[in-house]
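# Coordinate inspection notes
Residue-level listing of the chains:
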Amino acid sequence: MRIKLSRLLQIGLLLTFLLPFFPQGCDPKQAENVPTPDSTFVAVDSLRQDSNELTMQIEKSDTLKTAVSENTTQNTDKTGEKNEDNELSTKISKKSTFLKFLLRPNNNYTGIASLIDFFSILEFGYGLGIAFILWLIALIIKFKDYNNIFILLNFVGLVSLFWTHSMYNVMSEKRLWGFWVCLIWGAIMIIYDCIILLKIRKERQKTST
């Protein structure tokens, strides 16, 4: 009965992913609440600006073409550098020559640097997927053999979920109620599984003696 309840808790934990976790990136109500100007003023202003825009467009056409061509060449040269600058291993290696030799020798990636960049990616949504996969594997282990392995998987999944930021609004730390239900559910399940395993060990020790 206790093991069946543990399996049901694991299934319920996976079902909590159907709940709302993160808010929408942009609130459409804010765009609707923006006041619109009077149509008469818009018509007068547009007539005044038409004549000015026609003359200015001719003057700016040549400058825009040159600016666009220069920006495209600069962006193609700097995209790789910007992506590397955003990586955590690159930021750490810039602090000292020893760290650069340890993480990014000759601008290459060592194994430690790759691991650092991998775990830093967990911040931007990947931890959510890792948590789901680990909890699914733990459920399969529970049905096959009730042992200590699934507790470790559940704990790592819980930590990955906790450090997950919203993929839709990375700059915001806001999480909805479904996220906290999933987190609390997972913590309660892990505590319950630990209690069951301790009781099973005590029962085995009594029978062996």
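In short, a report on the structure. Because the structure is a prediction, the values reported are computed rather than measured.

This part covers the overall build of the chain. Counting secondary structure elements, the chain contains nine helices and zero strands. Taken from N to C terminus, the helices and strands of the chain fall in the order α-α-α-α-α-α-α-α-α. Buried positions account for 26% of the 209 residues belonging to the chain. Summing over all exposed atoms, the chain offers an accessible surface of approximately 15,200 Å²; the carbon and sulfur share of this is 66%.

As a further point, take the packing of aromatic side chains. For the structure shown, the criterion picks out five aromatic pairs. Geometrically, the ring pair formed by phenylalanine 17 and phenylalanine 132 is edge-to-face, given 5.0 Å between the ring centres and 75 degrees between the ring planes. Within this pair, whereas phenylalanine 17 is found in the loop between α1 (2–15) and α2 (28–32), its partner phenylalanine 132 is found in helix α7 (residues 126–144), the two being separated by 115 residues in sequence. Centroid distance phenylalanine 179 to tryptophan 180: 5.3 Å. Interplanar angle 90 degrees. Geometry classified as edge-to-face. With a relative accessible area of 0%, phenylalanine 179 lands in the buried category.

With that settled, the discussion passes to α7. For α7, with 19 residues, the first-to-last C-alpha span of 28 Å sits near the 27 Å given by 1.5 Å per residue. All of the buried residues along α7 are Gly127, Leu128, Ala131, Leu134, Trp135, Ala138, Leu139, Ile141 and Lys142. An end-on view of α7 places all buried positions within 160 degrees of arc, on one side of the element. Of the residues in α7, the exposed ones pointing more than 90 degrees away from the buried face are Tyr126, Ile133 and Lys144. On its buried side, α7 packs onto α1, α8 (149–162) and α9 (177–208).

This part covers the packing of α1 against α7. In the contact formed by α1 and α7, the axes pass within 10 Å of each other and the chain directions differ by 160 degrees. In terms of their interaxial angle, α1 and α7 are classed as roughly antiparallel. Between α1 and α7 the crossing geometry is left-handed. Contact with α1, carried on its side by Ser6, Arg7, Gln10, Ile11, Leu13 and Leu14, involves Phe132, Trp135, Leu136, Ala138, Leu139, Lys142 and Phe143 of α7 and no other residues of that element. Looking at side-chain class alone, the contact of α1 with α7 contains nine nonpolar, two polar and two charged residues.

Where α8 contacts α9, the axes come no closer than 10 Å and their chain directions differ by 160 degrees. Classed by the angle they form, the pair α8 and α9 counts as roughly antiparallel. Remark: the crossing between α8 and α9 carries left-handed chirality. Residues Phe150, Ile151, Asn154, Phe155, Leu158, Leu161 and Phe162 of α8 touch α9, and the partners they reach there are Phe179, Cys182, Leu183, Gly186, Ala187, Met189, Ile190, Asp193, Cys194 and Leu197.

Each value, and the rule that gives it
- Residues numbered from 1 in each chain as written.
- Predicted model: local features only at pLDDT ≥ 70, side-chain atom pairs only at ≥ 80, totals over all residues.
- Heavy atoms only, no water.
- Helix = DSSP H or I, 4+ residues; strand = E, 2+ residues; numbered from the N terminus.
- Buried < 20%, exposed > 50% of the residue type's maximum accessible area, 1.4 Å probe, protein only.
- Areas by Shrake-Rupley, 256 points an atom, 1.4 Å probe, with all protein chains shown as cover.
- Phe/Tyr/Trp six-rings, centres within 6.5 Å; stacked < 30°, edge-to-face > 60°.
- Expected span 1.5 Å × (residues − 1).
- Arc of directions from axis to C-beta.
- Contact = heavy atoms within 4.5 Å.
- Axes fitted to C-alpha atoms, helices over the stretch in contact; angles between N-to-C directions.
- Parallel < 35°, antiparallel > 145°, perpendicular 65-115°, else oblique.
- Left-handed = near helix turned anticlockwise from the far one by under 90°.
- Nonpolar A, V, L, I, M, F, W, Y, C, P; charged D, E, K, R; others polar.

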